Every structure is written in structure tokens, then in C-alpha cells.
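Tertiary structure, described
For reference, the chains in residue letters:
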Amino acid sequence: MSLAQDPFYIVKEEIQESIDKLQSAFHQRERVPSNTGERVQLTKELVAGCESIEWQVDELDKAIAVAARDPAWYGIDEIELDKRRRWTINARNQISTVRKAVAIGNDQSNPVGTSLSGLRQELMRLPNNQSTQYATSDNDDFITSESDRQLLLIKQQDEELDELSASVERIGGVGLTIHEELVGQEKILDELSLEMDSTANRLDFVQKKVALVMKRAGAKGQIMMILFLVVLFIVLFVLVFFT
């Protein structure tokens, strides 16, 4: 997937455009006299814009965390992941700088000269020791947040593994029960097979004996035996159905 088609870079461009507009709105606010309706309205828009962009950056961080689980699946490497993380940190720093500058500008009791000047320099991307301190603080907050997120993810994975282990144990118990049942059925089939073999042998022996008797009896004897069997059948029929 090319960078132009990567959803991360599409969202990144949109967020960066929003940050640029936010900074432009801040500069516009600075040119408006204090204690005016226009300045109050611009301040509200700046605060709402900071919250909206921060939410978008949070969602982008979640997407980066998902991609970090299996970078090869998404066609990226650790260098690219680190680059994306650095960009989100930088975006947070820019938003934080605007938010703090707005807060200092609204605090009438605060000597805003040095602080507000330093934040303005940060917005104009000029080097300043105070902006470095803000960036360091934001980086520490981000690292702490990311660490907490990773710990939560590890805890969720442990719970899922425990559930999977319990499911595997249950499946194993069912498998053992099925195995024991199959062994029992196999024994029953073996016993039935032995009984059938024994019955077949006895039936074969009886058939041979009957054939031998019939052979010795001759034609007259066979007729007498048939008559006897017919009479016996009639007697049994009468006993069964008429008594």
C-alpha cells in the first residue's frame, strides 16, 4: 500500500490542516482587542477546536496501537510505527501550546508577559526553553498514558488467554469422555462379534446334523418328518390362536 493510500496519512493530513487552521485562528484572536464579543467567540472556538483535534489524535493513537500488534500484517515496520508515534506527540504538543496560550490569555490576574510570549514563539515555531519544558511535560504524559494503555491491553490478553485455557480444558474433558465411550462400544462390538461367530458355528453344526439325519432317513423318512412337522405346526397354530 502506497503512502498516499495509507489511511494513516489521509487522517494525518486532515488533522494537520485542522491544527494549521487552529493556529491561524489563534493569531486572529490575538489581533482582536480584549473584552470584546468577537474575542470571546474566537476563544470558545479555539477551546472546542483543541478538544476536537485531541480526540482525533487519540483515535489515531488507537489505530497505531492496533497496527503495532502485528506490523507485518499492515505492511509497516517498527521505524514507520516510531515515525507515526513521534508525529502524534508533535501534534499533541502543538494543540497543548495553543490551549495553554488561550488559558494564559484569559487569566487577567496572571502576569502573562513572559509566558504568553513564550507560547507565541512556540506557535511561530521559534526555539524557546519554556516551550521545550511544555513539550517534555506533554511527552511524559503521553508516555505514561501509552504505558497504562499497554498494561490494560496486556491484562485483557491475559484474561482472554485464561478463558481460552478453560475452554481447551473443557474440550479436552469432552474428548476423553468420547474416547472412553468409544472404547466401551468397541468392547461391546467385539463381544457381539464373538457371540455371532459362536452362534454361526452352532447353526452350521445343527444344519449338518439335520442333513445327515435326512440322508439316513431316505425318501420315506423325509415324508414322515415333513408330515410330523406339518402336524406340529397345526397344533401350535391352534394353541396360539384358539386358546
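Our subject is the structure listed above.
A short tour of the structure in this document, coming up. (Residues numbered from 1 in each chain as written. Predicted model: local features only at pLDDT ≥ 70, side-chain atom pairs only at ≥ 80, totals over all residues. Heavy atoms only, no water.)

**Observations concerning the nonpolar core**
By size, the foremost hydrophobic cluster in this structure holds 21 residues, and its most contacted members are Ile15, Ile53 and Val98. Of all the secondary-structure elements, those providing two or more residues to this core are α1 (7-30), α2 (37-69) and α3 (78-106). Each residue touching Ile15, except ones within four places of it in the same chain, is listed here: Ile53, Gln56, Val57, Leu60 and Trp87. (Core = buried A, V, L, I, M, F, W, Y, C linked by side-chain atoms within 4.5 Å. Buried < 20%, exposed > 50% of the residue type's maximum accessible area, 1.4 Å probe, protein only. Helix = DSSP H or I, 4+ residues; strand = E, 2+ residues; numbered from the N terminus. Contact = heavy atoms within 4.5 Å.)

**Examining the packing of aromatic side chains**
Scanning the entire structure with this criterion turns up 4 aromatic pairs. Ring plane angle 80° and centroid distance 6.5 Å describe the contact between Phe8 and Trp87, whose orientation is recorded as edge-to-face. Of the two residues, Phe8 sits in helix α1 while Trp87 sits in helix α3, which places them 79 residues apart along the sequence. The two residues Phe8 and Trp87 agree in class, both being buried. Ring-pair connections join several aromatic residues into one group, and the members of that group are Phe8, Tyr9 and Trp87. (Phe/Tyr/Trp six-rings, centres within 6.5 Å; stacked < 30°, edge-to-face > 60°.)

**Let's talk about a negative patch on the surface**
Taken together, Asp158, Glu159, Glu160, Asp162 and Glu163 make up a surface patch of like negative charges. Tracing the chain through its elements places Glu160 in helix α5 (residues 129-241). (Patch = residues over 30% accessible without salt bridge, like charges linked within 9 Å, V, L, I, M, F, W, Y side chains within 5 Å. Areas by Shrake-Rupley, 256 points an atom, 1.4 Å probe, with all protein chains shown as cover. Salt bridge = Lys/Arg side-chain N within 4 Å of Asp/Glu carboxyl O. Lys, Arg positive; Asp, Glu negative; His and termini not counted. Charge placed at Lys NZ, Arg CZ, Asp CG, Glu CD.)

**A few points about the pattern of salt bridges**
Summed over the entire model, instances satisfying the criterion amount to 8 salt bridges. Between Arg29 and Glu30 there is a salt bridge, with its nearest N and O atoms 2.9 Å apart. Residue Arg29 is classed as buried on the basis of its relative accessible area of 0%. Between Glu80 and Arg84 there is a salt bridge, with the nearest N and O atoms lying 2.9 Å from each other. Of this pair, Glu80 and Arg84 both sit in helix α3, 4 residues apart, roughly one helical turn. Just as Glu80 is buried, Arg84 falls in that class too. Several salt bridges converge on common partners, so that one network encompasses Arg29, Glu30 and Arg39.

**Looking at the environment of Phe8**
Judged by relative accessible area, Phe8 falls into the buried class, the value being 7%. When neighbours within four sequence positions are excluded, Phe8 is seen to be in contact with Leu60, Ile64 and Arg84.

**Comments concerning α1**
Relative to the 34 Å expected for 24 residues at 1.5 Å per residue, α1 spans 35 Å between its end C-alpha atoms, a close match to the ideal helical length. Burial in α1 covers these residues: Phe8, Tyr9, Lys12, Ile15, Gln16, Ile19, Leu22, Gln23, Phe26, Arg29 and Glu30. (Expected span 1.5 Å × (residues − 1).)

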